[in-house]
2 protein chains.
Amino acid sequence: MVIRDVALARHATGVAVTVDLVIFTIRDDRLQVLLVERGKQPFLGMSALPGGYVRDGETLDRTAMRELNEETGLDGRRLHLEQLKAYGDPGRDPRGRVITVAYLALVPNLSAPVAGTDARAARWVPVESVDFDELAFDHAMILREALERARSRLEYTTIATAFCTEPFSISDLRRVYEVVWGFPLDPSNFRRKVTGAEHFLIATGQRSTPEIGRPAALYRRGSAQLLFPPLMRSG
Amino acid sequence: MVIRDVALARHATGVAVTVDLVIFTIRDDRLQVLLVERGKQPFLGMSALPGGYVRDGETLDRTAMRELNEETGLDGRRLHLEQLKAYGDPGRDPRGRVITVAYLALVPNLSAPVAGTDARAARWVPVESVDFDELAFDHAMILREALERARSRLEYTTIATAFCTEPFSISDLRRVYEVVWGFPLDPSNFRRKVTGAEHFLIATGQRSTPEIGRPAALYRRGSAQLLFPPLMRSG
DNA sequence: GTACTATAGGTCATCTTGACTATAAGTACG
DNA sequence: CGTACTTATAGTCAAGATGACCTATAGTAC
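About the criteria used
Residues numbered from 1 in each chain as written. Chains lettered and ligands numbered in written order. Predicted model: local features only at pLDDT ≥ 70, side-chain atom pairs only at ≥ 80, totals over all residues. Heavy atoms only, no water. Helix = DSSP H or I, 4+ residues; strand = E, 2+ residues; numbered from the N terminus. Buried < 20%, exposed > 50% of the residue type's maximum accessible area, 1.4 Å probe, protein only. Areas by Shrake-Rupley, 256 points an atom, 1.4 Å probe, with all protein chains shown as cover. Pairing = 2+ DSSP bridges. Expected span 1.5 Å × (residues − 1). Contact = heavy atoms within 4.5 Å. Near = heavy atom within 4 Å. Polar contact = N/O pair within 3.5 Å; in protein donor to acceptor, adjacent residues only side chain to side chain. Nonpolar A, V, L, I, M, F, W, Y, C, P; charged D, E, K, R; others polar. Axes fitted to C-alpha atoms, helices over the stretch in contact; angles between N-to-C directions. Left-handed = near helix turned anticlockwise from the far one by under 90°.

Draft legend 1. Local environment of the overall build of chain A. Across its full length, chain A holds five helices and 10 strands. When burial is assessed residue by residue, chain A has 53% of its 235 residues classed as buried. A total accessible area of about 11300 Å² is found for chain A, and carbon and sulfur atoms account for 50% of it.

Here it is, written out as structure tokens:
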């Protein structure tokens, strides 16, 4: 896009805009985040959040969806993707003024091990294993704020289901909460909560066939976006 | 700041970054937002949110505080200022690619009628009187999302006090909730809630001297940032 | 059959909430 | 002074939500 305004052009020089993604999933009963290894300076060899430049004529949301698809192969329409925050401290990129818009993505467990069309080495890392001091740019701060956002979102919204592949059991959903929040929940009280919330879960009539234990009823995501009453961490 | 990286420079051309402010206050028992009249194209003569370009070497938060000070004369440290979201749709500014980072500010009722160092005509407009179709750029969307954010923040945080000048009574605080949410609250139940929350209010020992009615005990803001249990709208 | 495991459903005391009533502390006015 | 009026503060009570349990159910392994 061409800048046609003189006053604007004066301010437009030397600013780049990127989108960075915090992609969470649950694998092996642990919350994991997708990190890439930087193949060039700056921060060569360090870990970073996947991301890229906003293209001409592309919305920020569209950039985020494209990046997510490039990294995970997932179709962005079926999963949770929300803008987190913009980060633009002048010193955050040594190459110049780069403002990044961070997005939070919650995806179900991917069977394929994240090949991606991109050549960069991407890998899932358990959040508790991430060395925050070894993250490039200001990605430690972004990851920390994304983690708190995800934990908070589970309280008031139904997005925990974004981690699950349909159909899922109530225990599957409870394990999402336990893994993201980091402490166990009472199975019975949890069931009462989520089945009591309107339009949260839709019973499919199907049952799971586990190797051990009683089969569980299976559900699909309901239409509700907000969870009322909320399911709070503390109290 | 000079762009020293070739790949970066290729993406950095033609993008401008601004900060726009949604500044709310309560005047005459109504929620009001500060709007400026545009003195030049595009959107000449229409209303817009106050805002401006991010300067070299300036953080986004700093830009927001500077703009807020220019518009209201208020010292940004004493009041509530939080980042809302970035807006970057390619068509949002006809002059070219402009990404804006919107901030939400909640300020107490200003006695001085917003002169500001800026020459633009700034004025407080009751939110219910705003003609959303007559707002420049995508500011209608930004204002709508800011309004919902403010309403939601009152549920889970203590920021309602940002609208009050200290010391304030519990009724002052209640009126904030009623004005922002748009419906009345039971005075007795409201009192029970806010006095029950830890570190929300600090009693000063002072009492108000109203022209009519019983004097009210006066309070200052406590140290709590989060309100627990929350004070929900619905239910 | 019994042991084991995880799901599903129920109990109950405690806490929270919403609606409502009652009292208190000031002013205005006669 | 006393009554009306206004707002603040306090208390009551039933209904609902919550946390900590306990019990039953439906499968597998042996």
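Draft legend 2. Summary view of the sheet that holds strand S10 (residues 217–221) of chain B. If you trace the three strands from one edge of the open sheet to the other, you get S8-S10-S9 (chain B), paired in antiparallel fashion. The open sheet has two edge strands with one neighbour each: strand S8 (168–169) and strand S9 (201–207) of chain B.

Draft legend 3. Expanded view of helix H2 (residues 60–72) of chain A. Residue and element names in this part refer to chain A. In a regular helix each residue adds 1.5 Å, so 13 residues correspond to 18 Å; H2 covers 18 Å between its end C-alpha atoms and thus fits that length. Restricting attention to buried positions, one finds in H2 the residues Leu60, Thr63, Ala64, Arg66, Glu67, Leu68, Glu70, Glu71 and Thr72. Immediately beyond the C-terminal end of H2, within one or two residues, lies Gly73, with a positive phi of roughly 75 degrees.

Draft legend 4. Focus on the side chain of Ser47 of chain B. Residues and elements named next belong to chain B. Position of Ser47 relative to the elements: it lies in strand S3 (residues 47–48). Under the relative-accessibility criterion, Ser47 is labelled buried at 14%. When near neighbours in sequence (up to four residues on either side) are disregarded, Ser47 contacts Leu35, Val36, Arg123, Glu134, Leu135 and Ala136.

Draft legend 5. Representation of the protein's contact with DNA strand D within the structure. Taken together, 22 residues are adjacent to DNA strand D, and Lys193 of chain A together with Ser171, Ser188, Arg191 and Ala217 of chain B come closest. With respect to DNA strand D, the side chain of Asn189 of chain A contributes an N or O atom lying 3.0 Å from a base nitrogen. Here a base oxygen of DNA strand D sits 3.2 Å away from a polar atom, N or O, in the main chain of Arg214 of chain B. For the surface near DNA strand D, the secondary structure elements donating two or more residues are helix H5 (187–196) of chain A together with helix H4 (170–181) and helix H5 (187–196) of chain B. Looking at which element gives the most residues to the surface near DNA strand D, the answer is H5 of chain A, with four residues. The residue makeup of the surface near DNA strand D, split by class, is six nonpolar, seven polar and nine charged.

Draft legend 6. Here's a closer look at the packing of helix H3 (residues 139–156) of chain B against H4 of chain B. All names here are of chain B. Where H3 contacts H4, the axes come no closer than 10 Å and their chain directions differ by 145 degrees. The handedness of the crossing between H3 and H4 is left-handed. For the pair H3 and H4, contact is made by Arg151, Leu154 and Glu155 and by Val176, Tyr177, Val180 and Trp181, respectively. Tallied by class, residues from the contact of H3 with H4 come to five nonpolar, no polar and two charged.

Draft legend 7. Structural context of the protein's contact with DNA strand C. If you check the shell around DNA strand C, you find 22 residues, and the closest are Ser171, Ser188, Arg191 and Ala217 of chain A together with Lys193 of chain B. Here the atoms of DNA strand C within 4 Å of the protein split so that 56% fall in sugar or phosphate, with bases taking the remainder. Within the backbone of Ala217 of chain A, one N or O atom sits 2.5 Å away from a phosphate oxygen of DNA strand C. Within the side chain of Arg214 of chain B, an N or O atom sits 3.2 Å from a base nitrogen of DNA strand C. Here the surface near DNA strand C gets four residues from one element, more than from any other, and that element is H5 of chain B.

Don't take any of this as a statement about function, it's just geometry.
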